[in-house]
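Breakdown of the fold
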Amino acid sequence: MWQQTEVTRRLNLRVPIFQGPFGGGMSSIALASAVTKAGGLGSFGAHHLPGDRIISTASAIREETDGPFALNLWIPHEDSENPQISDAEFQRNIELLKPFYEELGIELPVRPDRFSPSYDEQIEALLEARPAVFSFVYGIPSPEVLEKCRALDTVTIGAATTAQEALALERAGVDMVVASGSEAGGHRVSFLRQPEDCLTGTMALVPQVVDAVSCPVIAAGGIGDGRGVAAALTLGASAVQIGTAFLACEQSSASTIQRDALFGPDAARTDLTKAFTGRLARGIRNRFMDDLRDHQVQLPQYPVQGWFTAPIKAAAVEQGRPELISLWAGQGAPLLSHRDAGELMASLADETERLLGRA
């Protein structure tokens, strides 16, 4: 039966379907719980949270379900842990973005002590929270962290955009690998090469990764219905990870503007940009992306650029200005038809059963 794979057995799931973890505050306790209750793996993107909130988030999910769930962090990559920029660089970016602040009627930001939470504190909190799964992107945790996860019986899952990255994850002792095709919405999570050089599509990437590693592979990118689930399992994946379709559900913490955009005609037109965060990401093409297209090489790295644009996005959401919001979306967005996570899970399972059950 298609529901029975190495992944479902290891994680005690009814169906091999993961909810993608969303960064930037778009994950929610309600969504993670709903997916887990429906037999999949609910996830919560916690890379923006300090340690105490990671612990409280895990506790809140456990109040809703006793099933397995994943907490997701971003591994420090390219000096992203606590980047330092000069006063001149800070001011240069202020001037670049000043027209957007003025257009939205918000104050210019004041330089903070840090641009993001401490990774070490996040890891400490995650280990204390003891989720069933620790998933991560942008690299590999230290051997010490992986060993602590094994001791706690926390399954580790790393993301790869190439077979070489998948091999690096497996050789480090990571339990499972997400093969993330270029169709996926949100950030490209490459860590061995620049993301612009790692844009293999899901249908080509999954079998390459399956052939390269012996650990279970989870397919991600462009999967929006049961046909995508069936195709990924047929290619050798042991599970799928779906992001955009769950982001569109009312249980996510995405804004109403974001969710409505995923069902609109512009969702068929996505593009890759560094404009919002300083890291390459796929979203619905809009004015903000176009206005900064010629300035991307000048933008500060993540998380600095994300810190600069956060008040712009917040004000744009409040004012109903989708042209200035990071509308993360994968290329499978035109396939979406559900706004409830439970209904989506049921539809995915039913359609996959129709396609693979007979086989």
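Relevant structure appears above.
Since the structure is predicted, the reported quantities are computational estimates derived from the model, not experimental observations.

So, on to the overall build of the protein chain. Of the regular secondary structure elements, the protein chain holds 14 helices and 11 strands. Once the C-alpha set of the protein chain is aligned to its principal axes, its extents read approximately 60 × 45 × 40 Å. Sorting the 359 residues of the protein chain into buried and exposed places 59% on the buried side. Partitioning the intrachain contacts of the protein chain with sequence separation of at least 6 by distance along the chain shows that 68% fall at a separation of at least 24. Taken as a whole, the protein chain presents about 14,800 Å² of accessible surface, with 48% of it coming from carbon and sulfur.

With that out of the way, let us pick up the pairing of strand 4 (residues 133-137). The buried fraction of strand 4 is high, at five of five residues. Residues V133, S135 and V137 line one face of strand 4 and the alternating positions F134 and F136 line the opposite face, and both faces are buried. Sheet analysis places strand 3 (residues 69-74) next to strand 4, joined by five bridges and oriented parallel. Directly across from N72, in strand 4, lies its bridge partner S135. Relative to strand 5 (residues 155-160), strand 4 is paired through four bridges, and the arrangement is parallel. Bridge pairing in strand 5 links F136 to G158.

With that settled, consider the packing of helix 3 (residues 51-64) against helix 5 (residues 119-129). The contact between helix 3 and helix 5 brings their axes to 8 Å, and the two run at 25 degrees. One element, helix 3, and the other, helix 5, form an angle in the roughly parallel class. Handedness of the helix 3/helix 5 crossing: right-handed. Residues G51, I54, I55, A58 and R62 of helix 3 form the contact with helix 5, whose own contacting residues are E121, Q122, A125, L126, E128 and A129. Grouping the constituent residues of the contact of helix 3 with helix 5 by class yields six nonpolar, two polar and three charged.

Turning our eyes to something else, we now look at the pattern of salt bridges. Summed over all chains, the structure comprises 16 salt bridges. In this structure, E64 engages K37 in a salt bridge whose closest nitrogen and oxygen atoms are separated by 4.0 Å. Remark: K37 occurs in helix 2 (residues 29-37) and E64 occurs in helix 3; sequence separation between them is 27 residues. Taking relative accessible area as the criterion, E64 reaches 45% and is therefore assigned partly exposed. The class for K37 is partly exposed, based on a relative accessible area of 47%. Salt bridges linked by common partners bring E103, R287, D291, R321 and E323 together as one network.

Take unusual backbone geometry next. Peptide bonds are trans in most cases, and residues, glycine excluded, mostly fall at negative phi. With an omega of 5 degrees, the peptide bond running from Y302 to P303 counts as cis. In this structure, E78 is a non-glycine residue whose phi angle is positive, near 55 degrees. Within the secondary structure layout, E78 lies in the loop between strand 3 and helix 4 (87-104). Classification of E78 as partly exposed rests on a relative accessible area of 48%. Positive phi, close to 60 degrees, is recorded for D79, a residue that is not glycine. Assignment of secondary structure puts D79 in the loop between strand 3 and helix 4.

So, on to the packing of aromatic side chains. Per the counting criterion, the structure on display carries 10 aromatic pairs. For the pair F90 and F308, a centre-to-centre distance of 5.0 Å together with 45 degrees between the ring planes defines the contact as tilted. Note that F90 is positioned in helix 4 and F308 in helix 13 (residues 304-319), a separation of 218 residues in sequence. For the pair formed by F90 and F308, the shared burial category is buried. One aromatic cluster is present, built from ring pairs that chain together F90, F115, W307 and F308. Taking the ring centre of Y138 as reference, the NZ or CZ of R279 above it sits at 3.8 Å. Directly above the ring of F263 sits R339, whose terminal nitrogen or CZ lies 4.0 Å from the centroid.

The strands making up a sheet associate through hydrogen bonds between their backbones, and the pairing can be parallel or antiparallel. If you walk across this open sheet you meet the eight strands as 1-9-8-6-5-4-3-2, and the pairing is parallel. Both edges of this open sheet fall to strand 1 (17-19) and strand 2 (42-45), since each of them pairs with a single strand only. Within this sheet the neighbouring strands show an average axis-to-axis angle of 25 degrees, counted without direction. Sitting on the sheet, helix 3 is in contact with strand 2 and strand 3, with an inclination near 160 degrees to strand 3. Its contacts with the sheet put helix 5 on strand 3 and strand 4, and the angle it makes with strand 3 is roughly 170 degrees.

Moving on: the side chain of R188. Looking at the secondary structure, you find R188 in the loop between strand 7 (186-187) and helix 8 (202-212). The charged side chain of R188 is buried without a salt bridge, its nearest counter-charge being E183 at 7.0 Å. Engagement of the side chain of R188 in a polar contact is seen with the backbone oxygen of S180, the distance being 3.0 Å. Those residues in contact with R188 that sit more than four places away from it in its chain are Y138, T161, S180, G181, S182, P195, C198, L199, L272, L280 and A281.

How each quantity is defined
Residues numbered from 1 in each chain as written. Predicted model: local features only at pLDDT ≥ 70, side-chain atom pairs only at ≥ 80, totals over all residues. Heavy atoms only, no water. Helix = DSSP H or I, 4+ residues; strand = E, 2+ residues; numbered from the N terminus. Buried < 20%, exposed > 50% of the residue type's maximum accessible area, 1.4 Å probe, protein only. Contact = heavy atoms within 4.5 Å. Areas by Shrake-Rupley, 256 points an atom, 1.4 Å probe, with all protein chains shown as cover. Pairing = 2+ DSSP bridges. Axes fitted to C-alpha atoms, helices over the stretch in contact; angles between N-to-C directions. Parallel < 35°, antiparallel > 145°, perpendicular 65-115°, else oblique. Left-handed = near helix turned anticlockwise from the far one by under 90°. Nonpolar A, V, L, I, M, F, W, Y, C, P; charged D, E, K, R; others polar. Salt bridge = Lys/Arg side-chain N within 4 Å of Asp/Glu carboxyl O. Phe/Tyr/Trp six-rings, centres within 6.5 Å; stacked < 30°, edge-to-face > 60°. Lys NZ or Arg CZ within 6 Å of the ring centre and 35° of its normal. Lys, Arg positive; Asp, Glu negative; His and termini not counted. Polar contact = N/O pair within 3.5 Å; in protein donor to acceptor, adjacent residues only side chain to side chain.

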